[in-house]
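Descriptive structure summary
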Amino acid sequence: DADGRYGVSDLDGAAVTTDVTVEARQTQREIFEFGSVEVNTTAGGGDFDSFTEIYDGEGNYLAGTATAGDGYIVARLAPGTYEIDADGRYGVSDLNGASVTTDVTVEAGQTQREIFEFGTVEINTTAGGGGFDSFTEIYDGEGNYLTGTSTAGDGYIVARLAPGTYEIDADG
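First, a word on scope: everything that follows refers to the structure included in this document. It should be emphasised that the depicted structure is a prediction, and the values quoted were computed from it without experimental measurement. (Residues numbered from 1 in each chain as written. Predicted model: local features only at pLDDT ≥ 70, side-chain atom pairs only at ≥ 80, totals over all residues. Heavy atoms only, no water.)

Considerations on the overall build of the protein chain
Across its full length, the protein chain holds 0 helices and 15 strands. Every one of the 172 residues in the protein chain was classed for burial, and the buried ones make up 37%. Considering only residue pairs separated by 6 or more positions, the protein chain has 64% of its internal contacts joining residues 24 or more positions apart. Carbon and sulfur atoms form 41% of the exposed surface of the protein chain, whose accessible area is close to 9,700 Å². (Helix = DSSP H or I, 4+ residues; strand = E, 2+ residues; numbered from the N terminus. Buried < 20%, exposed > 50% of the residue type's maximum accessible area, 1.4 Å probe, protein only. Contact = heavy atoms within 4.5 Å. Areas by Shrake-Rupley, 256 points an atom, 1.4 Å probe, with all protein chains shown as cover.)

As structure tokens, this is what we get:
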């Protein structure tokens, strides 16, 4: 879009369909009306890059896209019920299961705004007053592995997580 916001396109299965009978020397106008869902991901009062996936009402995957640096996308969808799943995987790689999910009902001609709020965990590994490169793993509150990643040379990473309880392990 002109304002720098991104749309989700090519949503297989999210089409508006109608049958048309064409007659000679006649013009028939068909209007296909979609609804919109604006998705915004925020943590600690600021927007952030995230990955958003959209599923139809039966759980079938339709599309996934990264939000821009402003944490914002617009999805134009056929009227119906959808599940929208946003996660903070760009703070730490591939946080499977650490997403925020909501069901939305899209109505023709209407725009619905969904704000996905995350928490932020800043992880810093230090020794002798300075940061160092380490490997950090994050587990959900039930002990299920979510992700592991190396901190930068300064020993610092930021994880944006869905609200909940986590275990964080850092190796020296």
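After presenting the structure, the write-up continues.
Considerations on unusual backbone geometry
In this structure, R25 is a non-glycine residue whose phi angle is positive, near 60 degrees. For R25, a relative accessible area of 83% puts it in the exposed group.

Some remarks on the sheet that holds strand β5 (residues 61-66)
A sheet is described by the order of its strands in space; here 4 strands give the open sequence β5-β4-β7-β8, paired in antiparallel fashion. Among the strands making up the open sheet, the edge pair consists of β5 and β8 (99-106). For this sheet, the mean inter-axis angle between neighbouring strands, taken without regard to orientation, is 20 degrees. With 6 bridges joining them, strand β4 (residues 51-56) and strand β7 (residues 80-87) adopt antiparallel strand pairing. In the strand pairing of β7, D56 is matched with Y82. (Pairing = 2+ DSSP bridges. Axes fitted to C-alpha atoms, helices over the stretch in contact; angles between N-to-C directions.)

A few points about the packing of aromatic side chains
Applying the stated criterion across every chain yields a total of 2 aromatic pairs. With a centroid separation of 5.7 Å and an interplanar angle of 70 degrees, the aromatic rings of Y55 and Y61 are classed as edge-to-face. Ring geometry for Y139 versus Y145: centroids 5.7 Å apart, planes at 75 degrees, classification edge-to-face. (Phe/Tyr/Trp six-rings, centres within 6.5 Å; stacked < 30°, edge-to-face > 60°.)

A closer look at the side chain of D140
Topologically, D140 is positioned in strand β12 (residues 135-140). Within the local environment of D140, its side chain forms a polar contact with the backbone nitrogen of N144, the two atoms lying 2.8 Å apart. (Polar contact = N/O pair within 3.5 Å; in protein donor to acceptor, adjacent residues only side chain to side chain.)

Some words on the side chain of T125
Relative to the assigned elements, T125 resides in the loop between β9 (111-124) and β10 (126-127). Overall, T125 belongs to the buried group, its relative accessible area being 8%. Within the local environment of T125, its side chain forms a polar contact with the backbone oxygen of F132, the two atoms lying 2.8 Å apart. Looking at T125, its side chain comes within polar contact range of the side chain of S134, at 3.3 Å. Excluding residues that lie within four positions of it along the chain, T125 makes contacts with G130, G131, F132, S134, T151, D154, G155 and A170.

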